[in-house]
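Fold and contact review
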Amino acid sequence: MAKVKPFKGVRPPRQFVTDVASRPYDVLDSKEARKEAEGNPKSLYHIIKPEIDFGPEVDEHDPEVYGKAVENFRLFQDNGWLVQDQEDHYYIYAQTMDGRTQYGIVVAAWVNDYMEGRIKKHELTRRDKEEDRMKHVRVNDANIEPVFFAFPDNESLQQIIDTVTAGEPEYDFVAPDGFGHTFWVVNEPELIAAITEEFDKIPYLYIADGHHRSAAAALVGDEKAKSNPDHKGEEEYNYFLAVAFPASHLRIIDYNRVVRDLNGLTPEEFLIRLTKDFIVEKKGKEIYKPTRLHNFALYLDSNWYSLTPREGRYDDNDPIGVLDVTISSDLILRDILGITDLRSDKRIDFVGGIRGLGELSRRVDSGEMKMALALYPVSMKQLMDIADSGNIMPPKTTWFEPKLRSGLVIHKLS
């Protein structure tokens with residue numbers, strides 16, 4: 001069963017929240033972070049991307065950079081830009097995009113649930129990225145940024161969400177990207193107890209986004225437990241920061257591909273090769289968006305095409321093989337274009353659907369890329385079924401929006 005607990009959150013006073021809150025560390029580069037934090041000493045980027053306080057020649061993984069994160073975290077607290085709550089709380093965090101709102105519960109999740117597989121993942125992680133975040137957690141002795149969980153819908157938890165969100169929020173603002181963020185503190189002891197009890201009835205939690213942060217937070221917690229001769233199991237380092245959403249609240253958007261060349265083929269030859277495995281329909285100059293599962297949109301040579309796999313080209317009984325990302329990776333990227341490693345091949349890049357399909361045509365029309373492929377998004381059910389089966393999704397399968405805003409609440413490990 002999923003073990004969670006309330007915690008004494010470290011968070012900005014209401015008047016500072018829009019100055020402090022930031023996008024997650026991994027959705028922008030150092031140059032973009034410098035620009036967004038310019039003139040704002042309260043920006044969380046000074047903690048989660050502390051390289052912005054150095055010249056561009058300094059490596060973001062330099063020990064001095066991690067040390068700067070610690071210095072800035074302490075400075076934020078000394079200046080009152082971040083203040084720790086005096087009591088343990090859960091929190092409710094709502095995000096609004098395009099008129100649609102999803103509500104999550106901010107919890108401290110149990111490290112052992114991750115280590116023993118009750119917090120399920122659907123992606124592989126890279127050790128270098130894990131180690132970067134592990135260093136950040138170690139030196140700050142805190143989970144500065146939350147991870148993004150899903151859980152099977154639970155009527156009692158939904159009722160608690162409805163009850164809390166009927167009250168006055170602690171924070172309510174629209175970020176520069178146009179997404180709304182609203183945040184409530186759960187104060188009532190009976191509601192706090194009920195949240196803990198209801199999660200204890202849920203067999204599994206699912207990582208939606210933040211696999212590297214989850215791994216790093218859990219591994220540091222496990223390290224601390226093993227190195228503490230007086231470890232009892234209830235210490236704060238046994239938990240890490242997460243926002244858990246009912247699965248039905250979440251929407252996965254498309255995660256698309258752009259490719260630099262056609263592996264020596266002309267556009268005409270490439271289209272002919274596609275007809276072996278796909279029904280190819282030319283759609284013209286207007287953007288074509290995939291309309292259903294197993295339908296793809298191709299942009300090539302200033303035209304859009306619909307691609308539909310021919311019968312027998314995939315296995316409906318294979319939870320991985322039936323995914324559109326697998327079908328396109330096998331039949332197009334591997335078999336025709338010779339791209340076998342999506343993680344490392346420099347000929348391919350990935351574009352989150354939040355940028356729109358116009359971004360695909362732009363990158364092709366600019367000459368940077370030769371073709372683009374848009375995929376129909378996977379469903380939450382597919383994600384959870386794959387995690388339940390113990391399988392791993394292919395790289396770059398899911399894209400969640402809106403992203404969690406960092407800096408609304410932080411979890412200290414001691």
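Residues numbered from 1 in each chain as written. Predicted model: local features only at pLDDT ≥ 70, side-chain atom pairs only at ≥ 80, totals over all residues. Heavy atoms only, no water.

Turning our eyes to something else, we now look at the environment of Thr196. In this structure, Thr196 sits in helix H8 (residues 189-199). The exposure class of Thr196 is partly exposed, given its relative accessible area of 28%. C-alpha of Thr196 to C-alpha of Pro6: the two residues are 190 residues apart in sequence and 8.0 Å apart in space. (Helix = DSSP H or I, 4+ residues; strand = E, 2+ residues; numbered from the N terminus. Buried < 20%, exposed > 50% of the residue type's maximum accessible area, 1.4 Å probe, protein only.)

This paragraph deals with H8. The set of residues buried in H8 consists of Leu191, Ile192, Ile195, Glu198 and Phe199. On an axial view of H8, the arc spanned by its buried residues comes to 135 degrees, and they lie on one face. In H8, the exposed positions angled more than 90 degrees off the buried face are occupied by Pro189, Glu190 and Glu197. (Arc of directions from axis to C-beta.)

Going through the model one piece at a time under the given rule, you end up with 32 salt bridges. In this structure, the salt-bridge partner of Asp26 is Arg213, at a minimum N-O distance of 3.4 Å. Taken as a pair, Asp26 in the loop between helix H1 (17-20) and helix H2 (30-37) and Arg213 in helix H9 (residues 211-227) lie far apart in primary sequence, 187 residues in all. A relative accessible area of 44% means that Asp26 is categorised as partly exposed. Residue Arg138 pairs with Glu131 through a salt bridge whose shortest N-O separation is 3.0 Å. Given a relative accessible area of 31%, Arg138 falls into the partly exposed group. Because the salt bridges share partners, they merge into one network encompassing Arg127, Glu130, Glu131, Arg138 and Glu223. (Salt bridge = Lys/Arg side-chain N within 4 Å of Asp/Glu carboxyl O.)

Moving on, we get to the packing of aromatic side chains. If you walk through the whole model with that rule in mind, you get 14 aromatic pairs. Note on Tyr255 and Trp399: the rings are 5.0 Å apart at their centroids and 65 degrees apart in plane angle, and the pair reads as edge-to-face. Of this pair, Tyr255 sits in strand S14 (residues 255-259) while Trp399 is found in strand S20 (residues 399-400), placing the two residues 144 residues apart along the sequence. Taken together, Phe7, Tyr91, Tyr93, Tyr171 and Phe183 form an aromatic cluster joined through their ring pairs. (Phe/Tyr/Trp six-rings, centres within 6.5 Å; stacked < 30°, edge-to-face > 60°.)

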